[in-house]
Every structure is written in structure tokens, then in C-alpha cells.
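Descriptive analysis of the structure
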Amino acid sequence: MAEAHMSPQTLAPAAHAEGQQHPIRLYLIVWFWLFVLSACSYAVDLLQFQGYLRWGLILMLMLGKAGLIIAVFMHMAWERLALSYAILVPPVLVLIFVVIMAFEADYTFFTRMEFFGASPAVPAPVVH
Amino acid sequence: MSDPAVTHTDPQPGLTGFVSDWSSDKTAFKTASWGKAMIWIFLLSDTFIFSCFLIAYMTARMSTSEAWPNPSEVFALEIGGVHMPLILIAIMTFVLISSSGTMAMAVNFGYRRDRVKTTVLMLLTAVLGATFVGMQAFEWTKLISEGVRPWENPWGAPQFGSVFFMITGFHGTHVTIGVIFLLLMARKVWRGDFDTGKKGFFTSRKGRWEIVEITGLYWHFVDLVWVFIFALFYLW
């Protein structure tokens, strides 16, 4: 109930019928950060980071970019929670699907190794 | 809560608002129009489609006993004698992000009812989107000429080709549809359809300025999907 007694100033500016008015500067700043984060992602590949460092950086930069696009460019930060939760919560369930299919893929890999005599191969060099 | 009239005219914030919006026995999305709510629900369903593609890719890549081709080298280009890994994909990423930036500003000027700036920015977005599709066509041509097929490729796991063509093809189709939609809406904005109340060709109904933001939501989503494809397919 605490939220109900907050003063209007503390509320997030709600989207209204007139649409949203934000300074252009906000979009330029977000644009700049998207460029920086993309450049960092590309640098992860250029610098040949490997292992958990690579995965961690790729995922963090990916989620950072996705968050900026959804929150600011798509104005989700100014929508009411009724809409935000309806849209943002269901995709989280996809993570369960990811886990299920990871188990499945592990199992398929195991059967290929165990019963088909496959062995992990070295990739052929790429020649253009 | 004790005064329904307050709830009705002035929606509550935060979690209390979330509960009262959904339990109000009325429209749940108090401030989003039906158009905006529907595009968001469409985008949610599209999210599931692309999720399925990316999960299929994960499953194929984890379960294959053959080595996965190294995307960093597969998508490398020689530019001026310099070997640049993944350079085309990096340029495509920057082009698509820039198009999202111009689209965000188009939406902003749309709400200020600035016809000229909105039209110009939407056309600029469409040009950047078309550039992206063009570069993707180049990439496809290059890989096909090097022998990549949905069932085989010279470098490793045969699933690489099918995953690549399926995911980038579906995303490229989304971008293409977005470009067409942008051009159609830019024409309407330029002609002043939303000020004069001219009826649409397909819908026979008056359009509203809000369509600029709805087009923008679709366009940002296409950019958003690329963020995931770039990270999970090209960088991983």
C-alpha cells in the first residue's frame, strides 16, 4: 500500500494519450552506448578471449544492449507494470526450454560418441 | 483502493497498480492503446519463434560430434589486403543499431507532429535497413559460392549451413518487411494522412500518428533479435 501514498513526483512518468516526449539527447546517449557495447562485443572476438571470460562478456554485453533497446528505444521503462510484466515475464520461461534442450543435446552427443564411434573432430581450416 | 473513482482516473503506481490494473474487470492496459498492446503481444510471439530457432541452433551445436566451423574465420574478409575477422557482421551490426537510433528519433518527432523530420528519419531508417539486407545478400552469395549448403560445408559440422540460412534468412525477411512497412508509413506521414484523417487503402479507417511508434516498436525488435543472433551465432 505504500506506493499508493507516494507523491506524484516520485512516480515514473506514465505514458499518456499524447504519446511520449523525451529529449532527443536521451536517444543520442543510448545510441552512443549501443555503439560502445557493440564495439566491445567485436573486441571480444578480435582479442580472441576464450572460455568463461568470452561467454560471460558476450552474454553481459548482449543483455546490456537488449536492455537499452527495450527500456529506452521501445519505451518499456515508461510503460505501466501491467504491460511490462505481461511482455517481459513470459520470455523468461524460455530459459526452462533452454535447459531441457541442453540435457537433450548432451544425451544425443553421448549416444553419438558411445554407439556410433564418433570422435570430436578438429575443424578444417577456413580457406576463402 | 477505498475510492474507486481515484483508481479509475489516476492509475496507481508500482505493484499495487499492477494488481489493480489486472483485477479491475476492465481493460488491463490503462495507458497503452490497443494498437500498442497488440504490437507488443505480436512481438512476444515473435520472440518465441526466434527463441525456438536459437534453441534449435544450441541443440544442434551441442549434440554434433563434428567440430563447429569457426564463425570468426568463416565471416572474415580481406579488405585492402588486410585480413579482418567478422568485419562484415560488425559493420552490419553498426548499420542496424544506427537505424534503430534514427527510428527512435522519428518516433519522437512523430509525437511532436513534425511531418518533415519524421518522414526524413523514417526514410533514413529504411535506407539503413535496405543496406543491411544488401550486405546480408552479399554474405549469403559469398558463403554459397564457397560451398556452404544447408546439408554440408567445407569446414565442419553440416548443421552449420542449415542453422545459418534459417536464422539469418528469417531475420532478413523481418528486416525486409520492416523496410516495406517503413516506406508505406513514411509516405502516409509525408502526405499528412494522420492530420487530414484520410482513410487507409487496406483498412478503410483513419490512421493515427501512433502508427509511427508501432512501426518503431517492430523495427527496434528486429534490431533486438540481431543483438541475440550476433552474440549467440557469430561471436560464440
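Please read all numbers here as calculations on a predicted model, not as lab measurements. (Residues numbered from 1 in each chain as written. Chains lettered and ligands numbered in written order. Predicted model: local features only at pLDDT ≥ 70, side-chain atom pairs only at ≥ 80, totals over all residues.)

1. Considerations on the overall build of chain A
- Helix and strand content of chain A: three helices and zero strands.
- Going residue by residue from the N terminus, the α and β elements of chain A occur as α-α-α.
- The proportion of buried residues among the 128 residues of chain A is 18%.
- Across chain A, contacts joining residues at least 24 apart in sequence account for 65% of those joining residues at least 6 apart. (Helix = DSSP H or I, 4+ residues; strand = E, 2+ residues; numbered from the N terminus. Buried ≥ 20, exposed ≤ 12 C-beta atoms within 10 Å, placed from the backbone. Contact = placed C-beta atoms within 7 Å.)

2. Looking at the nonpolar core
- Judged by nonpolar contacts, the single largest core of 74 residues is most densely connected at Ala106, Met122 and Phe230 of chain B.
- Contributing elements (two or more residues each) for this core: α1 (24-46), α2 (51-73) and α3 (81-115) of chain A together with α3 (34-63), α5 (87-111), α6 (115-145), α7 (159-191) and α9 (210-235) of chain B.
- The element that contributes the greatest number of residues to this core is α9 of chain B, accounting for 19 residues.
- Once residues within four sequence positions are removed from consideration, Met122 of chain B is found in contact with Ala106, Leu182, Met185, Ala186 and Val189 of chain B. (Core = buried A, V, L, I, M, F, W, Y, C linked by C-beta atoms within 7 Å.)

3. As for unusual backbone geometry
Residues and elements named next belong to chain A.
- Backbone geometry places Gln48, a non-glycine residue, at a positive phi of 55°.
- Its place among the elements puts Gln48 in the loop between α1 and α2.
- With 9 C-beta atoms counted inside 10 Å, the residue Gln48 sits in the exposed group.
- Here the phi dihedral of His75 falls at roughly 65°; this positive angle occurs in a residue that is not glycine.
- Within the fold, His75 resides in the loop between α2 and α3.

4. Side note on the interface of chain A and chain B
- Facing the 62 residues of chain A at the interface are 61 residues of chain B.
- When contributions to the side of chain A that touches chain B are tallied by element, the ones reaching two or more residues are α1, α2 and α3 of chain A.
- The leading source of residues in the side of chain A that touches chain B is α3 of chain A, at 19 residues.
- Class assignment of the residues belonging to the side of chain A that touches chain B gives a composition of 44 nonpolar, 10 polar and eight charged. (Nonpolar A, V, L, I, M, F, W, Y, C, P; charged D, E, K, R; others polar.)

5. Quick word on the environment of Tyr27 of chain A
- Residue position: Tyr27 of chain A is located in helix α1.
- Given 20 C-beta atoms within a 10 Å radius, Tyr27 of chain A is considered buried.
- Expressed as a C-alpha distance, the spacing of Tyr27 of chain A and Val72 of chain A, which sit 45 residues apart in the sequence, is 7.6 Å.
- With residues near it in sequence (within four places) discarded, Tyr27 of chain A still touches Gly101, Ala104, Met105 and Asn108 of chain B.

6. Brief notes about the domain arrangement of chain B
- Each domain of chain B was delimited in the assignment, giving domain 1 (1-31) and domain 2 (33-235).
- Using only C-alpha atoms to locate each centre, domain 1 of chain B and domain 2 of chain B end up separated by 36 Å. (Domains from an automatic or database assignment.)

7. Notes on α3 of chain A
- A rise of 1.5 Å per residue sets the reference length of α3 of chain A, with its 35 residues, at 51 Å; its end C-alpha atoms lie 52 Å apart and thus fit the reference within 8%.
- Among the residues making up α3 of chain A, those that are buried are Ala82, Leu83 and Ala86 of chain A.
- Considering only its buried residues, α3 of chain A is in contact with α2 (14-22) and α3 of chain B.
- Just downstream of α3 of chain A lies Gly117 of chain A, where phi reads positive at about 65°. (Expected span 1.5 Å × (residues − 1).)

8. Digging into the packing of α1 of chain A against α2 of chain A
Residue and element names in this part refer to chain A.
- Remark: α1 packs on α2, axes separated minimally by 10 Å, with the N-to-C direction vectors making an angle of 165°. Relative to α2, α1 is oriented roughly antiparallel. Crossing of α1 over α2 shows left-handed handedness. Between α1 and α2, the contacting residues are Leu26, Val30, Trp33, Leu34, Leu37, Ser38, Cys40, Ser41 and Val44 on the first element and Arg54, Leu57, Ile58, Leu61, Gly64, Lys65, Leu68, Val72 and Phe73 on the second.
- When the residues that make up the contact of α1 with α2 are grouped by side-chain class, the tally is 13 nonpolar, three polar and two charged. (Axes fitted to C-alpha atoms, helices over the stretch in contact; angles between N-to-C directions. Parallel < 35°, antiparallel > 145°, perpendicular 65-115°, else oblique. Left-handed = near helix turned anticlockwise from the far one by under 90°.)

9. Considerations on the environment of Lys30 of chain B
- Along the chain, Lys30 of chain B turns up in the loop between α2 and α3.
- Separated by 13 residues in sequence, Lys30 of chain B and Gly17 of chain B have C-alpha atoms that sit 10.0 Å apart.
- When neighbours within four sequence positions are excluded, Lys30 of chain B is seen to be in contact with Arg80 and Ala82 of chain A together with Pro11 and Asp21 of chain B.

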